[in-house]
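Close look at the chain arrangement
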Amino acid sequence: MSSKRYTKNNKALTDQQREFYEENGYIIIKNNVPHALIDELCKQFIDICENRVHHESPLLVIQDKSLRKRGYTGQHAVNKIQDFLYDDVLFKYACYPGVVDVVESIIGPNIIGTHSMLINKPPDAHPELSVHPLHQDLYYFPFRPINTIVGTWTAMEAVNEKNGCLFGIPGSHRREELYNHEYPKQNLKNVLYHGVQGFENEERVNFIMDKGDTVFFHPLLLHGSGVNISKGSRKAISVHFADSNSHFIDVRGLFKKKWSRSSSLCIKLII
Ligand SMILES: O=C(O)CCC(=O)C(=O)O
Ligand SMILES: [Fe+2]
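Residues numbered from 1 in each chain as written. Chains lettered and ligands numbered in written order. Predicted model: local features only at pLDDT ≥ 70, side-chain atom pairs only at ≥ 80, totals over all residues. Heavy atoms only, no water.

An unreviewed UniProt entry lists the chain under the name phytanoyl-CoA dioxygenase, with Henosepilachna vigintioctopunctata given as the organism. Listed in UniProt under the heading Sequence similarities (unreviewed entry), the comment for the chain reads: "Belongs to the PhyH family." (UniProt positions renumbered as here; feature names shortened; annotations may be inferred.)

What follows covers the pattern of salt bridges. All told, the structure shown has 12 salt bridges when counted by the stated rule. With its nearest N and O atoms 3.6 Å apart, the salt bridge here joins lysine 4 to glutamate 19. Pair noted here: lysine 4 is in the segment before helix H1 (15-24) and glutamate 19 is in helix H1, with a separation of 15 residues, a long-range link. A salt bridge links glutamate 104 to lysine 11; its shortest N-O distance comes to 3.8 Å. With a gap of 93 residues between them, glutamate 104 in helix H5 (residues 97-107) and lysine 11 in the segment before H1 connect regions that are remote in the sequence. Look at the salt bridges and you will find they share partners, linking Lys43, Asp47, Glu50 and Arg52 into a network. (Salt bridge = Lys/Arg side-chain N within 4 Å of Asp/Glu carboxyl O. Helix = DSSP H or I, 4+ residues; strand = E, 2+ residues; numbered from the N terminus.)

Now for the coordination of the iron ion (ligand 2). The iron ion (ligand 2) binds to the protein through His135 (NE2), Asp137 (OD) and His223 (NE2), with metal-donor distances spanning 2.1 to 2.2 Å. Each donor residue of the iron ion (ligand 2) belongs to the same chain, with the gaps between them written as H-x1-D-x85-H. Note that aspartate 137 is positioned in the loop between strand S5 (132-135) and strand S6 (143-144) and histidine 223 in strand S11 (residues 223-225), a separation of 86 residues in sequence. For histidine 223, a relative accessible area of 3% translates into the label buried. (Donors = N, O, S within 2.8 Å, 3.2 Å for Na, K, Ca; no water. Buried < 20%, exposed > 50% of the residue type's maximum accessible area, 1.4 Å probe, protein only.)

Now the structure itself:
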């Protein structure tokens, strides 16, 4: 019997890669989504932002009013698109074998896409506005089991410390704890994101990646993304997958803090 706890099989991961994921809670696979597909996804993102796509099913386009106030329009005023799995073009990412086969190695063969985002991280307007604070994605998911959920995040361009790459605390998934998430006590700059406090002294690893590289990560991995000090919006595409036999849990009373209502962001439902 396998002694592995966080991965299921060798469909697309070697023993060594599985051990890396078990130990660290993530694995980066180089060049596993072709550039041609990334370019197609990017074009569709821009077409959606510029109202050139009609959808039968809803999709969330999250615009940032502060960007619009500064004169940004079209794709440059959009922070991210969520819930794109019914978009025929963006769905090509969620079913791409280079992605799904690794997902299968981690959570097994019964796979359902649960959450999807194309993140267009804007260049920093105010210091640290573009930071995504340290968090665990499980905070957002009212279903279990935990170990049959996995996130994928594919760089749509080279990502590094300059344009706000992802960073993580390796091995933090093994603590098997979902921490309290809230707004930062000081310097609340971005009402979109809650974070965890008290891990400031722990070693973080920057996930420096090229276009088409994908990081697969456990939903309890502590991670975030840094300031985008480049001139452009940093693009990445991300889907969370779970075992299709997962069950919902009752999250009432689970979290202490409420979300702020005042927001510079407006959500536009595209139908
Ligand atoms: O792409 C990013 O900047 C961070 C994405 C992330 O971790 C999230 O949205 O949960
Ligand atoms: Fe996240």
